[in-house]
Amino acid sequence: MENLRKNQALFLLLLSLSSFYGIALSFSPADDYLIDCGSTVDTTVDNRLFISDSSRASSHLLTFSTRSKSIQLSHRNGKLPEIYNSARVFDRPSRYIFKIRDKGTHMVRLHFYQLNSSQFVSDDAQFHVLVNGYVVLSNFSVGNIIASASVKEYLIWINAEKLVIAFLPTMKSKFAFVNAIEVISAPKDLILDTAKFVNGDKIDNFDALSKQALEVMYRVNVGGPKVTPFNDTVWRTWLPDDEFLKSSEGSKKVYSTGRIWYQSGGASREIGPDNVYNTARVIAATNASIPNLNMTWEFPVIEGYKYLVRLHFCDIASISLGLLFFNVYVNGNLAYKDLDLSIVAGYSLASPFYADFVVDSYHSGVLSVSVGPSDKSLGYAVDGILNAVEIMKMNKSMGILDGELCAGLILKTWPRGNVGILVPLIAALCVMLSLSVFKHRTFWFKNSVAWSKLPMDVSEITSKSGNQHT
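These figures come from a predicted structure and were not determined experimentally.

A. View of the overall build of the protein. Helix and strand content of the protein: 6 helices and 29 strands. A burial count over the protein gives 56% of its 470 residues as buried. If you take every contact in the protein between residues at least 6 apart in sequence, the share linking residues at least 24 apart comes to 79%. Total accessible area on the protein stands at roughly 21100 Å², and carbon and sulfur atoms take up 54% of it.

B. Up close: unusual backbone geometry. A positive phi is found at Asn47, a non-glycine position, where the angle reads about 65°. Tracing the sequence through the fold places Asn47 in the loop between β2 (43-45) and β3 (48-52). Here the phi dihedral of Met398 falls at roughly 65°; this positive angle occurs in a residue that is not glycine. Along the chain, Met398 falls in the loop between β28 (388-394) and α4 (407-412).

C. The arrangement of the nonpolar core in detail. Val136, Ile165, Phe167, Phe177, Ile181 and Phe313 are the most contacted members of the largest nonpolar core, which totals 119 residues. The leading source of residues in this core is strand β25 (residues 353-360), at 6 residues. Counting 8 residues, the second largest nonpolar core, distinct from the first, contains Val135, Leu168, Leu411 and Trp414.

D. The arrangement of the confidence of the model for the protein in detail. On average, residues of the protein score 83 in pLDDT, and 79% of them are at 70 or above. Note on residues 1-25: pLDDT is under 50 here. Beyond four places in sequence and across chains, it has 4 contacts. Residue range residues 466-470 is modelled with pLDDT below 50. Its contacts to residues more than four positions away, or to other chains, number 19 contacts.

E. The pattern of salt bridges, seen in detail. One pass over the full model with this rule turns up 20 salt bridges. Close ionic contact of Lys188 with Asp102 constitutes a salt bridge, the shortest N to O distance being 3.0 Å. Within this pair, whereas Lys188 is found in the loop between β14 (180-185) and β15 (195-199), its partner Asp102 is found in the loop between β7 (94-99) and β8 (104-112), the two being separated by 86 residues in sequence. The class of Asp102 is partly exposed, set by a relative accessible area of 22%. In this structure, Glu298 and Lys246 form a salt bridge, with 3.6 Å as the shortest nitrogen-oxygen distance. With Glu298 in strand β21 (residues 295-300) and Lys246 in the loop between β18 (239-240) and β19 (251-255), this residue pair connects regions lying 52 residues apart in the sequence. Look at Glu298 and you get partly exposed, because its relative accessible area is 31%. A relative accessible area of 59% means that Lys246 is categorised as exposed. Through salt bridges with shared partners, a single network forms among Arg48, Arg109, Glu153, Glu182, Arg219 and Glu390.

F. Main features of the sheet that holds strand β20 (residues 279-284). Taken in spatial order, the 3 strands of this open sheet run β19-β20-β27, and their pairing is antiparallel. Edge positions in the sheet fall to β19 and β27 (382-386), since each of these pairs with one other strand and no more. In this sheet, adjacent strand axes meet at a mean angle of 35° when their direction is disregarded. Pairing geometry for β20 and β27, over 4 bridges, is antiparallel. Paired with Ile283 across the two strands is Gly384, which belongs to β27.

G. Representation of the sheet that holds strand β5 (residues 69-72) in the model. With antiparallel pairing, 3 strands are arranged side by side in an open sheet as β5-β6-β13. The open sheet terminates on both sides in strands that have one partner only, identified here as β5 and β13 (176-178). With direction set aside, neighbouring strand axes in the sheet form an average angle of 30°. With 3 bridges connecting them, strand β6 (residues 86-90) and β13 associate as antiparallel partners. What sits directly across from Arg88, in β13, is Val178.

H. Quick look at the environment of Asp201. One can find Asp201 in the loop between β15 and β16 (202-206). For the pair Asp201 and Gly332, spaced 131 residues apart in the sequence, the C-alpha separation amounts to 9.8 Å.

I. Summary view of the environment of Phe167. Along the chain, Phe167 falls in strand β12 (residues 162-169). Between the C-alpha atom of Phe167 and that of Ser94, which follows or precedes it by 73 residues, the distance is 5.4 Å.

J. Quick peek at the side chain of Asp232. When you line up the elements, Asp232 lands in the loop between β17 (214-221) and β18. A relative accessible area of 3% places Asp232 in the buried class. Excluding anything up to four places from it in sequence, Asp232 contacts Trp238 and Pro273.

Cut-offs used in this document
- Each residue is numbered by its place in its chain's sequence as written, counting from 1.
- Two thresholds apply to this predicted model, a pLDDT of at least 70 for residue-level local features and 80 or more for giving and counting side-chain atom pairs, whereas whole-chain, interface and lining totals are computed over all residues.
- The side-chain figures draw on all heavy atoms in the structure; neither hydrogens nor water molecules are used.
- The helix count covers DSSP runs of H or I at least four residues long, the strand count covers runs of E at least two residues long, and both are numbered beginning at the N terminus.
- Exposure categories follow from relative accessible area, calculated using a 1.4 Å probe and restricted to protein chains: below 20% of the type maximum is buried, above 50% is exposed, and the middle band is partly exposed.
- Two residues form a contact once any of their heavy atoms are found within 4.5 Å.
- Computed with a 1.4 Å probe, the accessible areas rest on the Shrake-Rupley method; for each residue, only the protein chains presented here act as cover.
- Side-chain atoms within 4.5 Å link the members of a nonpolar core, which is a set of buried Ala, Val, Leu, Ile, Met, Phe, Trp, Tyr and Cys residues.
- pLDDT is defined as a per-residue confidence score from the predictor, taking values between 0 and 100.
- Between Lys or Arg on one side and Asp or Glu on the other, a salt bridge is scored when a side-chain nitrogen of the former is within 4 Å of a carboxyl oxygen of the latter.
- By the convention used here, strands pair only if DSSP detects at least 2 bridges between them.
- All axes are obtained by fitting lines to C-alpha atoms, using only the stretch in contact for helices, and the reported angles, taken between N-to-C directions, cover 0 to 180 degrees.

This is the structure in structure tokens:
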């Protein structure tokens, strides 16, 4: 009997632990390519195996120029993962080709670190990078990477059987390189198809969002520490918000050690992990007086692009339901009035919710996000909360995410004999991309409704949470 009780207790303990630690195993992408470029051996980083691009296991995925070189860096940084100890270098247009099993949005991450090699001078690294016809990097220079590694992350809709990443030096005297590559199927609910387009006091639907190419510019854990890929279900990095917070006066950080209640059909751990939702910054009323202030974050951006702004909320601060009401502003414009987290989170505390907004960048070069009390805010209660912010740059027409040239014009800078199959391949992708952009824009204009203020009905705002209520 004693052994039986011990076995039952052990089983319950293991069950609870598996439920807790099983978070990291909940997402299993159909396409999951992790490539350690230039390395002669495979490398493990955060329990993830990066395959050497020189190994037989990856040989069918990759196509190099015959003059590409594998280099081992002579001055290694012991604080960085081993994937930055080697690089693949190209002195002419070259490509990696990945077979796609699951069409849809894919996460593409490119890893770069300064080159310390006797064979190559860092100042000579200047190149373009194309992903299935999208220009994701233009005139990229290693000189921009000063002391730490750089990870460029993109979310790209793939409706083809192959994903092609092409590296093109800007001229024959320059070279391209990369330290590591990730190509991963994104969770199906990561990018919704519709967001709210905020333009002054006018708000309307922005459709076909999931078909856009996005570059992740900022991913910020508000009020909390850095979250590393090891602690994120889809291997993202979330940075602390301190450097972006314009003023901390009147706000405070809050933490929760309780359970985050992810509801069926709502925000999942793939949208944001526990470590993001169990920290926040809040504005709290004192002595029945509601503070007349907003919490504001500012992010440098490049003008000429639209940006997807995703705001994450999870009420870990209120003592009861129905006490938290606040306004949300993007670029100083009211994006959500009298947000009631009790309703949008399915009448449950500590239940995550997020909302997507699309905005234009202004000449100031700064995108701002603010949260503050509303006319419905209550004394002796929390009057504003924010858990996380994500800002993603959207592609211009002709698939440009960086620079001013489309893929076709970039390819023309190299003689045809040096780009080989890249020309017809990427030219075809450019045509498909142009047709797709035209189709979606035509659909958007035909189906647009008159400009109007944001509906107060929660069910009409683009969001994802627990149960939706009208």
